[in-house]
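# Examining the three-dimensional arrangement
Take a look at the letters that make up each chain.
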Amino acid sequence: MSKDAKSQPTARKHTALPKAQILIEALPWLTRHRGKTVVIKFGGNAMVDDELKAAFAQDVVFLHHAGLKPVVVHGGGPQISEALDRHGIVSEFKAGLRVTTEDAMDVVRMVLAGQVQRELVGLLNQHGPLAVGLTGEDAHTITATKHRPRIEGELVDIGRVGEITEIDTGAIEALLADGRIPVVSSIARSQDDHHVYNVNADTAAAALAAALDAETLMVLTDVEGLYEDWPNSDEVISRLTAAELEKLLPELASGMVPKMEGCLHAVRNGVETARVIDGRVQHSILLEIFTDEGIGTMVVPDRDDDSTTDDSATDTKGES
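All figures in this text were calculated on a predicted structure; none of them were measured in a lab.

## Some remarks on helix α5 (residues 170-177)
Looking at α5, one finds that the buried residues are I172, L175 and L176. The arc that holds every buried residue of α5, seen down its axis, measures 100°, which confines them to one face.

## Side note on the packing of aromatic side chains
Under the defined criterion, the tally for this structure stands at one aromatic pair. Note on F42 and F56: the rings are 4.2 Å apart at their centroids and 25° apart in plane angle, and the pair reads as stacked. Residue F42 is found in strand β1 (residues 37-42), and its partner F56 is found in helix α2 (residues 50-65); the two are separated by 14 residues along the sequence. Of the two residues examined, F42 and F56, each falls in the buried class. For R160, the ring lying beneath its charged end belongs to Y197, and the centroid distance is 4.3 Å.

## Structural notes on the packing of helix α6 (residues 201-211) against helix α8 (residues 257-267)
Two elements in contact, α6 and α8, have axes whose closest approach is 8 Å; the angle formed by their N-to-C orientations is 10°. Considering their axes alone, α6 and α8 lie roughly parallel with respect to each other. Contacts between α6 and α8 involve D202, A206, A207 and A210 from the former and P258, K259, G262, H265 and A266 from the latter. Each residue belonging to the contact of α6 with α8 can be placed in one class, and the counts come to five nonpolar, two polar and two charged.

## Looking at unusual backbone geometry
Phi is positive for D213, which is not a glycine, with a value near 55°. Its identity is not glycine, yet H283 carries a phi of approximately 60°, on the positive side. Within the secondary structure, H283 sits in the loop between β15 (273-278) and α9 (284-290).

## Some remarks on the sheet that holds strand β11 (residues 187-190)
Pairing is mixed across the open sheet formed by four strands, whose spatial order is β9-β6-β11-β12. Edge positions in the sheet fall to β9 (162-167) and β12 (196-198), since each has one partner strand and no second. Sheet twist, expressed as the average angle between the axes of neighbouring strands with direction ignored, equals 50°. As judged from the five bridges shared by strand β6 (residues 142-146) and β9, these two strands associate in the antiparallel manner. The residue bridging I142 from the neighbouring strand is I167, located in β9. Docked against the sheet, helix α4 (residues 102-125) engages β11 and β12, running at close to 80° with respect to β12. Where α6 meets the sheet, it contacts β6 and β9, and its direction lies at approximately 15° from that of β9.

## A closer look at the packing of helix α3 (residues 77-86) against α4
As a packed pair, α3 and α4 sit with axes 9 Å apart at the nearest point and diverge in direction by 130°. The angle between the axes of α3 and α4 places the two elements in the oblique class. For α3 against α4, the interelement crossing comes out right-handed. Between α3, through Q79, I80, A83 and L84, and α4, the contact on the second element is made entirely by A104, V107, V108, V111, L112, Q115 and V116. Residue composition of the contact of α3 with α4, by class: nine nonpolar, two polar and no charged.

## Structural notes on the layout of surface pockets
In this model, the largest pocket occupies a volume close to 590 Å³. As for the largest pocket, its lining consists of 31 residues, of which K41, G77, F93, N200 and D202 are closest to the centre. The set of elements that each furnish at least two residues to the lining of the largest pocket consists of β1, α3, β4 (97-98), α6, β13 (216-221) and α8. Its residues assigned to classes, the lining of the largest pocket comprises 13 nonpolar, 13 polar and five charged. Within this model, the second largest pocket holds a volume of roughly 500 Å³.

Conventions we followed
- Residues numbered from 1 in each chain as written.
- Predicted model: local features only at pLDDT ≥ 70, side-chain atom pairs only at ≥ 80, totals over all residues.
- Heavy atoms only, no water.
- Buried < 20%, exposed > 50% of the residue type's maximum accessible area, 1.4 Å probe, protein only.
- Helix = DSSP H or I, 4+ residues; strand = E, 2+ residues; numbered from the N terminus.
- Arc of directions from axis to C-beta.
- Phe/Tyr/Trp six-rings, centres within 6.5 Å; stacked < 30°, edge-to-face > 60°.
- Lys NZ or Arg CZ within 6 Å of the ring centre and 35° of its normal.
- Axes fitted to C-alpha atoms, helices over the stretch in contact; angles between N-to-C directions.
- Parallel < 35°, antiparallel > 145°, perpendicular 65-115°, else oblique.
- Contact = heavy atoms within 4.5 Å.
- Nonpolar A, V, L, I, M, F, W, Y, C, P; charged D, E, K, R; others polar.
- Pairing = 2+ DSSP bridges.
- Left-handed = near helix turned anticlockwise from the far one by under 90°.
- 1 Å grid on protein atoms, 1.4 Å probe; cavity = no way out; pocket = protein on both sides within 12 Å on 5 of 7 lines; lining within 4 Å.
- Points joined across faces, edges and corners; volume = space filled by probe spheres on them.

This is the structure:
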């Protein structure tokens, strides 16, 4: 055997070593998260860029095969705006929420359940018969009543926008028990009449995470995370407590408010961590869950100073 032939196995081992190191780095996170429910709010550029959509689907399927129980909640802002334009309906936002007239609600329902959900279910199912789509209307999963936000001290009517009053997790839990990946459109049944409501997807994801006793809520967005002092600085806050977030809420841009209010609701109702991550980065979900560094902003529950647990120790990810 020639000297070159003997050296080939060693060279191959060296080439594969970085891959092995990456897998080993993921091991403690795989051990910690196995069997846990993770609710992921799918939105932003990740919804409209084909490469990001494909990477998102791969990440969710990876979580599933790694032993986690992912639940995907989606809105469809860009697609809804485009469809409303085609129907000659003006898009308007108040308090960070879409004003939803009766005509607009028909379009919202059609886009979310008939377009966005079907595409996402199709992408996930390219990897096997895993994903099942449902809306908040199905099996009374999400029930809502009319939401009237307060703007400058006044309650404002923004149409068929819902405020969640009840969550029934039965259908989702049955799908998870069957080894499926639920994909939930943020439409709710009405508590008061026979209509349906458009529910902010960040709010819906947070409510489902709390009701499912999820370990983690992950919110994909189009920024790196929560900025320390925007627009004066692009420094991202890597970790903050619920109390710290609550103090910051009045200062946030309107588009970030539902996301951060959702994170606050989640960690105040039993979810271990809520994370806002940059959906413009391919495989951002895997980077956040399975690497030591993590990305984005993580919100954790308030804990007593003398409270030290294994979970709270691992929640320092992203700090250096």
